Amino acid sequence: MRAHEAGALHGNDAAPTWLPYPADVNHLIPGLWSQTCRRDADGAVEVGGVSVTRLAEEVGTPAFVLDEDDFRARARRFRDAAAEAFRAHAGGEVYYAGKSFLCTEVARWVDEDGLGLDVCTGGELAVALRAGFPPARTALHGNNKSDAEIRRALEVGVGRIVVDSLGEIDQVERIAAALGTTAPVMLRITTGVEAHTHEFIATAHEDQKFGLSLSAGDAFEAIRRTLEATHLELVGLHSHIGSQIFDVGGFEVAARRVIDLVARVREELGHTITQLDLGGGFGVMYNTQHTPSTPEALMDGIAGIVEKQCHEAELPVPHVSFEPGRAIAGPSTQTLYTVGTVKDVRLGGPHHRVYVSVDGGMSDNIRTALYDADYSCLLSNRVSGERPEVVRVVGKHCESGDIVVKDEYLPADVEAGDLVSVPVTGAYCYALASNYNHVPRPPVVAVKDGAWRTLLRRETEEDLLGLDQG
Ligand SMILES: *Cc1c(COP(=O)(O)O)cnc(C)c1O
């Protein structure tokens with residue numbers, strides 16, 4: 001238990017030190033809310049021109065509310081920043097990482113906005129195909145692809161299969177040969193650089209399931225085998241260093257290691273690799289602790305690194321692609337909940353904690369429980385003149401770890417029936433949603449220009465019972 005700056009004055013010292021005491025508890029903190037969010041004349045939060053009170057009435061809660069203009073603006077901004085940063089060379093391109101959030105309409109936006117699409121299972125590929133997403137701009141990832149997944153990808157003509165192991169080289173070769181085709185292959189290299197929790201670590205070796213180890217020699221061996229294979233075409237090398245990354249330091253080390261490998265391949269195998277994919281992982285602002293870089297700063301920074309290292313190795317600057325997911329989808333969406341129980345729990349002595357229960361929880365946002373993520377929230381159906389009070393927003397599941405927002409200030413008069421919005425839930429929330437406790441998954445609605453429409457409908461009791469053959 002840590003004391004906070006306002007101390008006992010506020011009757012609740014449960015706030016972590018990083019959480020600032022709000023000057024105005026009704027304020028929409030810039031960077032936390034999607035671009036069309038504002039307070040309307042009644043004080044309710046409005047997004048895409050639709051107030052959350054109207055959404056709660058017409059859609060119900062909980063609901064994921066996706067700001068279409070925000071999503072698409074971010075996608076296009078990454079696309080343009082990558083193209084611009086590598087314009088002087090062989091070009092730069094962006095693939096949206098569909099695993100962060102994917103449905104057919106989002107795949108169509110990504111297509112219309114001129115990005116590629118990353119999928120990592122047959123299921124994600126099926127969504128892309130149903131949406132009519134061009135397979136040539138689709139990449140298939142995965143560390144354990146089935147024959148069926150590889151076959152489907154080759155049959156529809158995906159632009160690249162990102163091969164993750166030596167065994168998979170033989171697997172893709174065998175399937176491509178059987179289909180009488182050539183498989184376009186990128187090789188995922190594990191560089192020993194791993195980004196997590198605002199820092200990156202660079203080790204000489206690897207202890208994780210993804211990719212072909214650089215240090216163990218698997219990466220070089222994979223390149224050699226791919227070049228020798230009759231039904232594989234080596235498109236390039238791939239490196240993804242992690243997620244929620246805020247600066248380009250990790251990319252510097254990873255890019256150097258990959259470019260050194262490109263140089264060695266040219267020297268020893270006489271082959272020049274012309275494409276690199278440096279993955280995704282760009283960070284977003286979940287709370288005031290996070291200060292993400294702009295897409296332009298990230299792309300320019302990485303371009304500078306790649307240029308310098310290619311120059312030193314006397315290599316041409318390759319075509320470079322990126323795979324942001326979170327940084328496009330995350331900030332576009334807020335989850336809208338209705339407050340139920342509000343409970344003031346004595347913690348001993350003067351300490352207490354206010355638990356605000358909402359009508360969803362770990363089934364629609366597992367990230368707090370799974371990754372210890374720190375989300376923020378706001379009373380969104382009205383403004384309040386009450387003092388701010390630290391609360392913990394929890395769900396309705398039978399589990400004490402069912403926490404949505406660990407610590408945030410809400411007005412002290414928050415009560416049953418109020419709406420609470422949790423921002424930046426567009427990535428890895430719906431994608432990781434479950435039916436734990438037989439809770440139906442919430443809908444995802446897109447808002448734009450004063451109207452809403454359903455992208456994914458709310459699950460029903462019929463859906464929940466639909467698999468039950470008893
Ligand atoms: C998860 C993942 C991404 C996307 O990561 P974000 O943090 O959402 O940007 C991109 N590429 C690969 C290979 C991944 O595994």
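Computed from a predicted structure; not experimentally measured. (Residues numbered from 1 in each chain as written. Predicted model: local features only at pLDDT ≥ 70, side-chain atom pairs only at ≥ 80, totals over all residues. Heavy atoms only, no water.)

A. Geometry of the overall build of the protein. Scanning the protein from N- to C-terminus turns up 12 helices and 23 strands. Over its C-alpha trace the protein gives a radius of gyration of 24 Å, about what one expects of a compact globule, namely 23 Å for 470 residues. Each of the three principal axes of the protein carries a C-alpha extent, and together these read 70 × 50 × 40 Å. Each of the 470 residues in the protein was classed as buried or not, and the buried ones make up 55%. Across the protein, the fraction of contacts at a sequence separation of at least 24, relative to all contacts at a separation of at least 6, is 70%. Surface exposure of the protein reaches about 19,200 Å², of which carbon and sulfur atoms provide 49%. Averaging the locations of the 43 positively and 68 negatively charged side chains of the protein gives two centres separated by 1 Å. (Helix = DSSP H or I, 4+ residues; strand = E, 2+ residues; numbered from the N terminus. Rg over C-alpha atoms; globule rule 2.2 N^0.38 Å. Buried < 20%, exposed > 50% of the residue type's maximum accessible area, 1.4 Å probe, protein only. Contact = heavy atoms within 4.5 Å. Areas by Shrake-Rupley, 256 points an atom, 1.4 Å probe, with all protein chains shown as cover. Lys, Arg positive; Asp, Glu negative; His and termini not counted. Charge placed at Lys NZ, Arg CZ, Asp CG, Glu CD.)

B. A look at the sheet that holds strand S2 (residues 45-47). Spatially, the three strands line up as an open sheet ordered S1-S2-S3, and their pairing is antiparallel. Among the strands making up the open sheet, the edge pair consists of strand S1 (38-39) and strand S3 (50-51). (Pairing = 2+ DSSP bridges.)

C. Region of interest: the nonpolar core. Ranked by size, the top nonpolar core spans 126 residues in total, and within it Tyr96, Val106, Leu187, Leu237 and Val306 carry the most contacts. With 10 residues, helix H8 (residues 249-269) is the largest single contributor of residues to this core. Built from parts of two domains, this core gets at least three residues from each of domain 1 (14-68 + 332-465) and domain 2 (86-324). Here leucine 187 is in contact with Val163, Ile169, Leu212, Ala222, Ile223, Thr226, Leu234, Gly236, Leu237 and His238, once residues within four sequence places are set aside. With five residues, the next largest nonpolar core counts Ala15, Leu19, Val25 and Tyr409 among its residues. (Core = buried A, V, L, I, M, F, W, Y, C linked by side-chain atoms within 4.5 Å. Domains from an automatic or database assignment.)

D. Here's a closer look at the environment of leucine 276. Structurally, the position occupied by leucine 276 is in strand S14 (residues 275-277). Leucine 276 sits in the buried class, given a relative accessible area of 1%. The contact partners of leucine 276, leaving out residues within four places of it in the chain, are Met186, Leu237, Val258, Ile259, Val262, Pro318, His319, Val320 and Ser321.

E. Spotlight on the pairing of strand S17 (residues 351-358). Within S17, six of the eight residues are buried, which leaves it mostly tucked inside the rest of the structure. Pairing of strand S16 (residues 333-348) with S17, which is carried by seven bridges, proceeds in the antiparallel orientation. Looking at S17, one finds that aspartate 344 is bridged to valine 354. Where S17 meets strand S19 (residues 388-394), four bridges bridge the pair, whose relative direction is parallel. Bridge pairing links serine 357 to valine 394 in S19.

F. A look at the pattern of salt bridges. What the rule picks out here adds up to 32 salt bridges. Put simply, arginine 264 and glutamate 268 hold a salt bridge, and the shortest N to O gap is 3.0 Å. With arginine 264 and glutamate 268 both in helix H8, this residue pair falls four residues apart, about one helical turn. Taking the relative accessible area as the measure of exposure, glutamate 268 reaches 48% and is therefore partly exposed. In this structure, glutamate 389 and arginine 387 form a salt bridge, with 3.8 Å as the shortest nitrogen-oxygen distance. For arginine 387, a relative accessible area of 39% corresponds to the partly exposed category. Put simply, Glu68, Arg72, Arg76, Glu105, Arg108, Glu112, Asp113 and Arg453 are held in one network by salt bridges that share partners. (Salt bridge = Lys/Arg side-chain N within 4 Å of Asp/Glu carboxyl O.)

G. Expanded view of the site of the ligand. Lys99, Ser243, Glu323, Arg326 and Tyr428 are the nearest of the 14 residues found near the ligand. One of the side-chain nitrogen or oxygen atoms of lysine 99 is found 2.6 Å away from an oxygen atom of the ligand. In the complex, the protein chains occlude 93% of the 380 Å² of accessible area that the ligand would expose alone. Here the residues of the shell around the ligand are counted per class, giving three nonpolar, seven polar and four charged. (Near = heavy atom within 4 Å. Polar contact = N/O pair within 3.5 Å; in protein donor to acceptor, adjacent residues only side chain to side chain. Nonpolar A, V, L, I, M, F, W, Y, C, P; charged D, E, K, R; others polar.)

H. Focus on the side chain of aspartate 277. Looking at where aspartate 277 falls in the secondary structure, it is placed in strand S14. A distance of 3.0 Å separates a polar atom in the side chain of aspartate 277 from a polar atom in the side chain of arginine 160. In this view, aspartate 277 contacts Arg160, Met186, Leu237, His238, Ser239, Ser321, Phe322 and Glu323; residues no more than four positions away in its chain are not counted.

I. Representation of helix H7 (residues 218-228) within the structure. For H7, the full list of buried residues reads Ala219, Phe220, Ala222, Ile223 and Thr226. An end-on view of H7 places all buried positions within 160° of arc, on one side of the element. Its buried side turned inward, H7 meets helix H6 (166-179), strand S9 (183-190), strand S12 (212-213), strand S13 (232-238) and H8. (Arc of directions from axis to C-beta.)

J. Representation of the domain arrangement of the protein within the structure. Per the domain assignment, the segments of the protein are domain 1 (14-68 + 332-465) and domain 2 (86-324). Averaged C-alpha coordinates put domain 1 and domain 2 at centres separated by 34 Å. Residue-level contacts link 23 residues of domain 1 with 13 residues of domain 2. In total, domain 1 and domain 2 occlude about 1,600 Å² of area from one another, counting both sides; carbon and sulfur atoms represent 68% of this. (Buried area = accessible area lost by both parts, 1.4 Å probe.)

K. Representation of the confidence of the model for the protein within the structure. The predicted model of the protein averages 95 in pLDDT, with 97% of residues at 70 or higher. Low pLDDT (under 50) marks residues 1-11, which in the prediction has 25 contacts with non-local residues, meaning those over four places away or in another chain. (pLDDT = per-residue confidence, 0-100.)

L. Focus on the environment of aspartate 402. Within the secondary structure layout, aspartate 402 lies in the loop between S19 and strand S20 (403-411). In this structure the C-alpha to C-alpha distance between aspartate 402 and phenylalanine 322, which are 80 residues apart in sequence, comes to 34 Å. Among residues more than four places away in sequence, those in contact with aspartate 402 are Gly361, Met362, Val394, Gly395, Lys396 and His397. At a separation of 2.7 Å, a polar atom in the side chain of aspartate 402 contacts the main-chain amide nitrogen of methionine 362.

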